[in-house]
Amino acid sequence: MHTSKHLTSFIQLRRSTRDHLPHIQLPIRDHFRQTIISLIRAAMAESEADQSEKTITTAIGLRKTAPYWYPYTTMAKMRWLGRELLEVVSTEFRDRSMEYYRYALESGVTTVNGKIAKPETILKDGDRIENVVHRHEPPVTSRPVKILHQDHEREFIVVDKPGSIPVHASGRYYKNTLIEILVNEFSFEKVYPINRLDRLTSGLMIIPLSPDRARELQTEFVAGTVQKEYVARCKGRFPDEEVVCEEPLLTVDRQMGLNIVHPEGKPAKTIFNLIRYDANTDSSIVRCRPLTGRSHQLRVHLQFLGHPIANDPIYSEERIWGKNIGKGGIDITPSEERSAPAPPDHLQSQVEGMGNPESLSKDQTSMESAQGAPKTSKLLPRETGEDIGLGSPVPLSKEAVGVITRLRNMKDEDEDWSRWRDVIFRAKGALSPSNLTVKPPPPQNRRKRGGKGEFTAGGNSVRTASNTASGAATPTEPTDTTMPVSTPDASLVSSSVATPTSSEAATPAAAVVDQPPQLTTEEALEKISLMEPLPDPNTVVESEHLYCPECYLPLHPDPKPEKLYIFLHALKYTTSLGAFETEMPEWAAEGFEWDRS
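Bear in mind that the values here come from a model prediction, so they are computed numbers and not experimental data. (Residues numbered from 1 in each chain as written. Predicted model: local features only at pLDDT ≥ 70, side-chain atom pairs only at ≥ 80, totals over all residues. Heavy atoms only, no water.)

S.K.: Outline the packing of aromatic side chains, listing residues and values.
M.R.: In this description, a pair of aromatic rings is defined by centroid distance and the angle of the planes. Under the definition given, this model contains eleven aromatic pairs. Within the aromatic cluster, the residues linked to one another by ring pairs are Tyr-565, Phe-567, Trp-587, Phe-592 and Trp-594. The ring of Tyr-68 carries Lys-175 above its face, with NZ or CZ at 4.8 Å from the centroid. (Phe/Tyr/Trp six-rings, centres within 6.5 Å; stacked < 30°, edge-to-face > 60°. Lys NZ or Arg CZ within 6 Å of the ring centre and 35° of its normal.)

What follows is the structure in structure tokens.
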């Protein structure tokens, strides 16, 4: 049996071998059973401290963390209230397909206030959503976090954050975040960041070590008395004279984190000064002094001025914005034009043969007809493209919709179009993770907003329909053929996958509520033959096309380290605590060149 200690054992496969993957031979039940046993032993025997041993550094400068199970809880956000759970999940997250998210919810492993939730569950104020996720954290740079200054008496530290590491846990990131690194690797009991740098931005941060110091420093940031200086490398020759940009900024797509210049946005002001122009790369080193602290302020203001950050994957990308790359802003005339998501050309045949994983209407109709109660299919916003702009505070223009669509498609392409090749195993019976139970929620007046849940030993986190109908919380009996599965980054959804079995081995029908039509054993075997599971679920994988053996997430190739950050660095902060400054980043040096492919 493989163990989590074998993390230095990598599987390195190239895209050229994709068509020559070995098929899994029958019988496959033994393989799945061993994987389950490995999972249970890891979940029950390893403590939180052991998880840090699964973080490694690769030879090409990446910091990687092995996938791990994580019990997650969150409170319903304001924008979720009054909406169906499936609609919320499918619009908030895009790393898995619509088909996956619906099937995960129908598996009965997501709960709201301790009771099994269905896709059509309406979220209300105060609702607590719980599930267990299988996190696949993306690699970050292996460059270390630097402690530049530590003041025990005044309770704060000053750090130099590398680009690619987010400050707070969000989306797919948890262990590879600045807060977790400071707590787990620098032994700080708790830290209280009051301002955050973008994940892609490097540089200086002043971090309080107590709530009182955090409140005092937060007051300074809100009052605008903190002086901030950044340095950026942008495209083209920046003007020699000082440039002041005061264009208002608006977030129009929360999912993609996209901001634009818009008259309905928040006021923003930045002062720019040229440091040096580099004719060899046709780029300029520019000093930036933001007088406000809006999201992506420097990146969007530089784009508006026609000098976007040279390696910015969003605001400097011609494939997204066109040849003008957003100079002078984009058209803001409202438009109702939308279109349903379409698969890439090379996956069109797969979608035609196996069905569109981004469209549920056809499957819903067939399911309802089979149940003898045909109804009109309800198309969700993501199926029609109406999710674009759903969270925007203003109506979007045709140009803005096009920008968001192209940005989404480019992200999908970078991740090898994983949501379009999602693999769903619909084994017979209800699906539930074995021996992973999340503690029930506390009374409503003592609930916290989000955060990490806790496992309890033994049992099963899913309750049968008969139990939930009576309000009981008795777990079902686990079987030896179930395997937990969950989306690695979505905060709400988890699922589990079962080995294709005969009807005699299926879970009793009493535990199934409104299950969709199941795949036959032959169909499931045909799908499983397209992938190559790994023998050890704790193995850190370097691969371009394998699936996770636990949750069947299509795995992505490792990025190049130089693609993990942008040329934007927080250089100097001046506060009541003093003035603090880092060294200039290496990319600001004269004669620096980078991979522009």
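Read on for the rest.
S.K.: Mind laying out the nonpolar core, listing which residues take part and the relevant values?
M.R.: Counting residues in hydrophobic clusters, the biggest one holds 78 residues, and the most contacted among them are Leu-178, Leu-182, Ile-206, Leu-258, Phe-272, Trp-321 and Tyr-573. Of the residues forming this core, the biggest block, six residues, is contributed by helix H12 (residues 398-414). Residue contacts for Phe-272: discarding those within four places in its chain leaves Phe-238, Glu-242, Val-243, Cys-245, Val-286, Arg-287, Cys-288, Leu-298, His-301, Leu-302 and Leu-305. (Core = buried A, V, L, I, M, F, W, Y, C linked by side-chain atoms within 4.5 Å. Buried < 20%, exposed > 50% of the residue type's maximum accessible area, 1.4 Å probe, protein only. Helix = DSSP H or I, 4+ residues; strand = E, 2+ residues; numbered from the N terminus. Contact = heavy atoms within 4.5 Å.)

S.K.: How would you sum up the UniProt feature "active site" (unreviewed entry) in the chain? Please name residues and give values.
M.R.: Annotation from UniProt places "active site" (unreviewed entry) at Asp-198. If you trace the backbone, Asp-198 turns up in the loop between helix H5 (178-185) and strand S10 (202-208). By relative accessible area, Asp-198 is classed as partly exposed at 25%. (UniProt positions renumbered as here; feature names shortened; annotations may be inferred.)

S.K.: Please give an account of the environment of Pro-211 that cites residues and values.
M.R.: Checked against the element boundaries, Pro-211 lands in helix H6 (residues 211-223). Counting along the chain gives 20 residues from Pro-211 to Val-191, while the straight-line C-alpha distance between them is 8.8 Å.

S.K.: Could you give an account of the packing of helix H3 (residues 85-92) against helix H4 (residues 98-106), naming the residues involved and the relevant values?
M.R.: In the contact formed by H3 and H4, the axes pass within 10 Å of each other and the chain directions differ by 140 degrees. Between H3 and H4, the angle falls in the class oblique. Note that H3 runs across H4; the crossing there is right-handed. Between H3 and H4, the contacting residues are Leu-85, Leu-86, Val-89 and Ser-90 on the first element and Met-98, Tyr-101, Arg-102 and Leu-105 on the second. Counted by class, the contact of H3 with H4 contains six nonpolar, one polar and one charged residues. (Axes fitted to C-alpha atoms, helices over the stretch in contact; angles between N-to-C directions. Parallel < 35°, antiparallel > 145°, perpendicular 65-115°, else oblique. Left-handed = near helix turned anticlockwise from the far one by under 90°. Nonpolar A, V, L, I, M, F, W, Y, C, P; charged D, E, K, R; others polar.)

S.K.: Explain H5 residue by residue, including any values.
M.R.: Looking at H5, one finds that the buried residues are Leu-178, Ile-179, Glu-180, Ile-181 and Leu-182. Buried residues belonging to H5 abut strand S2 (62-65), strand S8 (146-151), strand S9 (156-161) and S10.

S.K.: Quick rundown of the pattern of salt bridges? Include the residues and the values.
M.R.: Enumeration according to the criterion identifies 29 salt bridges in this entry. The salt bridge partner of Asp-558 is Lys-64, with a shortest N-O separation of 3.1 Å. Of this pair, Asp-558 sits in the loop between helix H14 (521-528) and strand S22 (568-575) while Lys-64 sits in strand S2, placing them 494 residues apart in sequence. For Lys-411, the salt bridge identified is with Asp-95, shortest N-O distance 3.7 Å. A residue pair is termed long-range when its members are at least 10 positions apart, and Lys-411 in helix H12 and Asp-95 in the loop between H3 and H4 qualify at 316 residues. The exposure class assigned to Asp-95 is buried, which follows from its relative accessible area of 12%. Each member of the salt-bridge network shares a partner with another, and the members are Arg-94, Glu-358, Arg-382, Asp-412 and Arg-419. (Salt bridge = Lys/Arg side-chain N within 4 Å of Asp/Glu carboxyl O.)

S.K.: With reference to specific residues and values, describe the sheet that holds strand S7 (residues 140-141).
M.R.: Spatial strand order, S1-S2-S7: three strands in an open sheet with antiparallel pairing. The open sheet has two free edges, formed respectively by strand S1 (55-57) and S7, since each of these has just one partner strand. In this structure, S2 lies alongside S7, joined through two bridges in antiparallel fashion. Bridging across to S7, Arg-63 finds its partner in Val-140. (Pairing = 2+ DSSP bridges.)

S.K.: Explain empty space enclosed by the protein residue by residue, including any values.
M.R.: In the structure shown here, the tally under the stated rule is four cavities of 30 Å³ or more. Roughly 50 Å³ of volume is contained in the second largest cavity. Residue lining of the second largest cavity: Asn-259, Ile-260, Val-261, Val-300, Gln-303, Phe-304, Trp-321, Gly-326, Gly-329 and Ile-330, and that is the complete set. At the level of secondary structure, the elements contributing two or more residues to the lining of the second largest cavity comprise strand S14 (258-261) and helix H7 (297-304). In the lining of the second largest cavity, the residues fall into six nonpolar, four polar and no charged. (1 Å grid on protein atoms, 1.4 Å probe; cavity = no way out; pocket = protein on both sides within 12 Å on 5 of 7 lines; lining within 4 Å. Points joined across faces, edges and corners; volume = space filled by probe spheres on them.)

S.K.: Can you explain the environment of Val-140? Please cite residues and give values.
M.R.: Within the secondary structure, Val-140 is located in strand S7. Given the relative accessible area of 0%, Val-140 is considered buried. Along the primary structure Val-140 and Arg-199 are separated by 59 residues, whereas in three dimensions their C-alpha atoms are 9.8 Å apart. Setting aside anything within four residues of it in sequence, one finds Val-140 in contact with Gly-61, Leu-62, Arg-63, Ser-164, Ile-165, Tyr-173, Asn-176 and Leu-564.

S.K.: How would you sum up the state of the cysteines? Please name residues and give values.
M.R.: Simply put, disulfide is the name for a covalent bond between the sulfur atoms of two cysteines. Taken as a whole, this structure holds zero disulfides when the rule is applied. Here Cys-234 stays unpaired: no disulfide links it, and the sulfur of Cys-288, its closest cysteine neighbor, is 7.5 Å away. (Disulfide = S-S within 2.5 Å.)

S.K.: Explain the pairing of strand S15 (residues 270-278) to me, using residue names and the numbers behind them.
M.R.: Pairing analysis gives three bridges linking strand S12 (residues 243-245) to S15, with the strands arranged antiparallel. Across the sheet, Val-244 pairs through a bridge with Ile-271, a residue of S15. Two elements, S15 and strand S16 (residues 283-290), share eight bridges in a ladder whose sense is antiparallel. Pairing of Asp-278 across the sheet is with Ser-283, part of S16. The turn joining S15 and S16, which pair antiparallel and follow one another in sequence, is formed by four residues; a positive phi near 50 degrees is taken by Asp-282.

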